[in-house]
Amino acid sequence: MSLHVVIGAGPVGTATAQLLAARGSRVRVITRRGSGPDHPLIERVAADATDSEALIPHCEGAEVVFQCAQPPYHRWATDFPPLAAAALRAAEATGAALLSVGNLYGYGQVDGPISERHELRPNSVKGRVRAEIWAEALAAHDAGRVRAAEVRGSDYLGAGAKSAFTMVALPAVLSGRRAQFPADPDAAHSWTDVGDTARTLVAVAADESAWGRAWHTPTAPPMSIRELAGLAATVADAPPARVSRMPAAMLWAAGLFDPNARELRYQFDRPFVIDSSAATAAFGIEPTPTAESLRATIAALRAEESASIG
């Protein structure tokens, strides 16, 4: 029985581990605290994934290492490089392939839909971090030291997804309050389903021709924040959504004019749309309808709220 290692038990790591186990593979999930989904074929291991010497023994015998972990958002610049480097080193040392979860930050500001053909031209600190991580993995692949690929999505929807929409707008919509968003609520934006990213990861892992490049997760047609909020209200049987742009004074008060927020505002103040046609053509994966992604998002959010109250 094949063994796959999944680093990280966030929304994508959890969905990937569950999908692999459902298909009959042994899965070893590595997190700092030994957390992860419960399944007879899933082994949960506590280890520091930034320490390659600690990581290597847990990757021995694995066909693929899925690097799905990410540090806290504000610590990407310091914590992401050692995490990615350790995963790459472990894959090289054990002969496993390395399949990483990326995002669109490395492309910078692009006019029109963003495809894998676009050059990486990051215009932010976080974007440079993601571009450099992929450049190192691709260089190792090209040198024959490891097989590597990366799967990229836009902002996530689905069980456990955390994004500007799920954290800022959605709670207000579900409670019938006005949702004030810190950018243009009418700009077109792509929303990627967590489960679709897991399906793409598993498809790439199984296709010998898919290595040595990046793939975009098949993603539903774009929707603005206002449109997404309206659909969420319908799905949740909540009052009609009311959405407006957050006033400048509130942005200042919330600290949203700091550099970390400003550098990525272009993603919401103008169209930010993913072209994922290549993966759909290659793997036959059709994106999950946005309404279905929202149902999973809302169900998980309400479960979290119930657990915190209980």
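In the block above lies the structure referred to throughout.
I will try to describe carefully the structure that is included in this document. (Residues numbered from 1 in each chain as written. Predicted model: local features only at pLDDT ≥ 70, side-chain atom pairs only at ≥ 80, totals over all residues. Heavy atoms only, no water.)

## What about the side chain of Ser 115?
Thought 1: Considering the arrangement of structural elements, one finds Ser 115 in the loop between strand E5 (97–103) and helix H4 (125–142).
Thought 2: Looking at Ser 115, the relative accessible area reads 3%, which means it is buried.
Thought 3: Those residues in contact with Ser 115 that sit more than four places away from it in its chain are Tyr 107, His 216 and Asp 275. (Helix = DSSP H or I, 4+ residues; strand = E, 2+ residues; numbered from the N terminus. Buried < 20%, exposed > 50% of the residue type's maximum accessible area, 1.4 Å probe, protein only. Contact = heavy atoms within 4.5 Å.)

## Topic: the nonpolar core
Thought 1: Counting residues in hydrophobic clusters, the biggest one holds 40 residues, and the most contacted among them are Val 5, Ile 7, Leu 55, Val 65, Leu 98 and Val 146.
Thought 2: The biggest single contributor to this core is helix H3 (residues 76–94), with nine residues.
Thought 3: Each residue touching Leu 98, except ones within four places of it in the same chain, is listed here: Val 65, Gln 67, Ala 87, Leu 88, Ala 91, Val 146, Arg 147, Ala 148, Ala 149 and Trp 211.
Thought 4: Core analysis: the second largest hydrophobic core is formed by 33 residues, Val 64, Tyr 156, Ala 210 and Ala 279 among them. (Core = buried A, V, L, I, M, F, W, Y, C linked by side-chain atoms within 4.5 Å.)

## Remarks on helix H7 (residues 225–236)
Thought 1: Between its first and last C-alpha atoms H7 spans 16 Å; for twelve residues at 1.5 Å apiece the expected length is 16 Å, and the two agree.
Thought 2: Along H7, the residues classified as buried are Ile 225, Leu 228, Ala 229, Ala 232, Ala 233 and Ala 236. Buried residues of H7, seen end-on, are gathered within an arc of 140° and therefore sit on one face of the element.
Thought 3: One or two residues past the end of H7 sits Asp 237, with phi positive at roughly 55°. (Expected span 1.5 Å × (residues − 1). Arc of directions from axis to C-beta.)

## Focus: the environment of Ala 238
Thought 1: Of note, Ala 238 is situated in the loop between H7 and strand E11 (243–245).
Thought 2: When the C-alpha positions of Ala 238 and Gly 36 are compared, they lie 32 Å apart, and in sequence the two are 202 residues distant.
Thought 3: Once residues lying within four places of it in the same chain are set aside, the contact partners of Ala 238 are Val 173, Leu 174 and Ala 233.

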